Amino acid sequence: MILLGTYNNPRAVQGAADYFKTQGIPVSLRSNDGTNVEVWVQEAYQAQANILWQDFVSNPHHSKYSDASWHNGDTNSRLLYGGSELNLRQRFTALHWFLKLIFVLCLLVFGSFYLFDANAIFTRLQFKPDAPLSWVTPVLLHFGALHLVFNLSWWLHLGHQIVQRTGATSLFILFIVSSLVSNWAQFLMVDSRFGGLSGVVYALLGYAWIYGVKHSTQEPIVGKPIVGFMLLWMIFGFTELFFISMANWAHLFGLLSGMFIAFVQPRQKIAQ
């Protein structure tokens, strides 16, 4: 047996394996952590399998894989899919390092508010127009547990989906651009007393939304109900009906920056 490749989405790999079977190529799937799956093939099928594997990697969400699973899928698969159990440690370990870095930094900053002088920490990371580094650092500031959990949950979920679909470069660009744009917008429209990853989260949402529109034949990164909920939440923030202090302009300009990046990004070619 020869290792064809490794992929960290068990459900997608199972679809590929089912599709390979329809092409007369049997493959063996192996996983030690339930997330990263090795695909093995007999040497006699290597050449043809390599072509199909590259086709899968370039577009793992093509409908032909889900169709193959529907018609020919093996219900006795031993792979651990997302809904079978939490596997939180394995899931976190499998994330891109930049997602984990921002996650840990936000947790450390939040925890430091309870261990050290919160005002001094806020002042150090607060937006300052004459300090370029501070144009980004406010994204690490969170002022409540719900605020922190909400932002980090969406950061990991949407960020991971974007990395899987378009690569880590898109995530880097989205983070830097949306941090700068959303923080400057909030400062210019209100003041410097703000913080949080929400502007970046809305940028990820906007990017995922427009990406789905541009690639309508692929499985969407984020569903329309979620987009609708997040947009309503942003609008309600401007009305101040909930009596919650929110960085509304950071949310809006973060969303717009993410949408713009997705709009100008070249459309990915869909494998046939």
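The rules behind these values
Residues numbered from 1 in each chain as written. Predicted model: local features only at pLDDT ≥ 70, side-chain atom pairs only at ≥ 80, totals over all residues. Heavy atoms only, no water. Helix = DSSP H or I, 4+ residues; strand = E, 2+ residues; numbered from the N terminus. Buried < 20%, exposed > 50% of the residue type's maximum accessible area, 1.4 Å probe, protein only. Contact = heavy atoms within 4.5 Å. Areas by Shrake-Rupley, 256 points an atom, 1.4 Å probe, with all protein chains shown as cover. pLDDT = per-residue confidence, 0-100. Phe/Tyr/Trp six-rings, centres within 6.5 Å; stacked < 30°, edge-to-face > 60°. Lys NZ or Arg CZ within 6 Å of the ring centre and 35° of its normal. Axes fitted to C-alpha atoms, helices over the stretch in contact; angles between N-to-C directions. Nonpolar A, V, L, I, M, F, W, Y, C, P; charged D, E, K, R; others polar. Pairing = 2+ DSSP bridges. Left-handed = near helix turned anticlockwise from the far one by under 90°. Polar contact = N/O pair within 3.5 Å; in protein donor to acceptor, adjacent residues only side chain to side chain. Core = buried A, V, L, I, M, F, W, Y, C linked by side-chain atoms within 4.5 Å.

1. Here we look at the overall build of the protein chain
Summing up its helical and strand segments, the protein chain has eleven helices and three strands in all. If you list the helices and strands of the protein chain from N to C, you get β-α-β-β-α-α-α-α-α-α-α-α-α-α. Residues counted as buried form 45% of the 272 residues belonging to the protein chain. Within the protein chain, contacts between residues separated by at least 24 positions form 74% of all contacts whose residues are at least 6 apart in sequence. Here the protein chain displays about 14600 Å² of accessible surface, and carbon together with sulfur accounts for 63% of that area.

2. Let's talk about the confidence of the model for the protein chain
Reading predicted coordinates in detail is not appropriate for stretches of low pLDDT. Per-residue confidence for the protein chain averages 86 on the pLDDT scale, and 89% of its residues sit at or above 70. Scored below 50 in pLDDT, residues 80-86 shows 14 contacts in the model against residues more than four places distant or in partner chains.

3. With respect to the packing of aromatic side chains
Overall, the coordinates contain 22 aromatic pairs when judged by the stated rule. With a centroid separation of 5.4 Å and 85 degrees between ring planes, the pair formed by Y19 and Y65 is classed as edge-to-face. Residue Y19 is found in helix α1 (residues 10-22), and its partner Y65 is found in helix α3 (residues 63-72); the two are separated by 46 residues along the sequence. Considered together, Y19 and Y65 belong to a single accessibility category, that of buried residues. For the pair F110 and Y114, a centre-to-centre distance of 5.5 Å together with 65 degrees between the ring planes defines the contact as edge-to-face. Of the two residues, F110 and Y114 are both situated in helix α5 (residues 97-115); the distance of four residues between them amounts to about one turn of the helix. Classification of Y114 as exposed rests on a relative accessible area of 63%. Just above the ring of W40 sits the side chain of R30; from NZ or CZ to the centre is 4.4 Å.

4. Details of the packing of α5 against helix α6 (residues 118-125)
The N-to-C vectors of α5 and α6 enclose an angle of 145 degrees; their axes lie 7 Å apart at closest approach. Where α5 abuts α6, its residues V109, S112 and F113 lie against A118, I121, F122 and L125. Residues that form the contact of α5 with α6 fall into these classes: six nonpolar, one polar and no charged.

5. Describing the sheet that holds strand β1 (residues 2-7)
Spatially, β1-β3-β2 is the arrangement adopted by the three strands of the open sheet, whose pairing is antiparallel. Both outer strands of the open sheet, β1 and β2 (27-31), are each paired with one neighbouring strand and no more. On average, each strand axis in the sheet is inclined to that of its neighbour by 25 degrees, with strand direction left out of account. Bridge count for β2 against strand β3 (residues 37-41) is five bridges, and the pairing is antiparallel. When the sheet's bridge partners are listed, S31 is paired in β3 with V37. Along the sheet face, helix α2 (residues 46-58) touches β1 and β3 and points at about 5 degrees away from the line of β1.

6. Details of the packing of α1 against α2
It is the contact of α1 with α2, at a shortest axis distance of 11 Å, that shows an interaxial angle of 145 degrees. For the pair α1 and α2, the crossing hand works out as right-handed. Taken together, the residues of α2 that come into contact with α1 (itself represented by A12, V13, A16, Y19 and F20) are A49, L52, W53 and F56.

7. Considerations on the environment of I221
For I221, the location among the structural elements is in the loop between α9 (198-214) and α10 (224-239). Overall, the relative accessible area of 7% leaves I221 in the buried class. The spacing of I221 and W209 is twelve residues in sequence and 7.4 Å in space, taken between C-alpha atoms. The residues contacting I221, other than those within four sequence positions of it, are Q161, I162, R165, A208 and Y211.

8. Thoughts on the side chain of Q186
Secondary-structure assignment places Q186 in helix α8 (residues 168-189). Polar side-chain contacts of Q186 include one of 3.1 Å to the backbone nitrogen of A250.

9. Some words on the side chain of N248
Residue placement: N248 occurs in helix α11 (residues 248-264). Only 3.0 Å separates the side chain of N248 from the backbone oxygen of G237, close enough to count as a polar contact. Those residues within four positions of N248 in sequence are excluded, and the remaining contacts are Q186, M234, G237 and F238.

10. Description of the nonpolar core
Counting residues in hydrophobic clusters, the biggest one holds 44 residues, and the most contacted among them are W155, F175, L197 and L205. Among the secondary structure elements, those contributing two or more residues to this core are α5, α6, α7 (145-166), α8, α9, α10 and α11. A total of nine residues in this core trace back to one element, the largest contributor, which is α9. Setting aside residues up to four positions removed in sequence, F175 forms contacts with F98, I102, V136, V139, W155, L197 and V200. Counting residues in each nonpolar core, the second largest holds 19 residues, with Y7, A12, A16 and V37 among its members.

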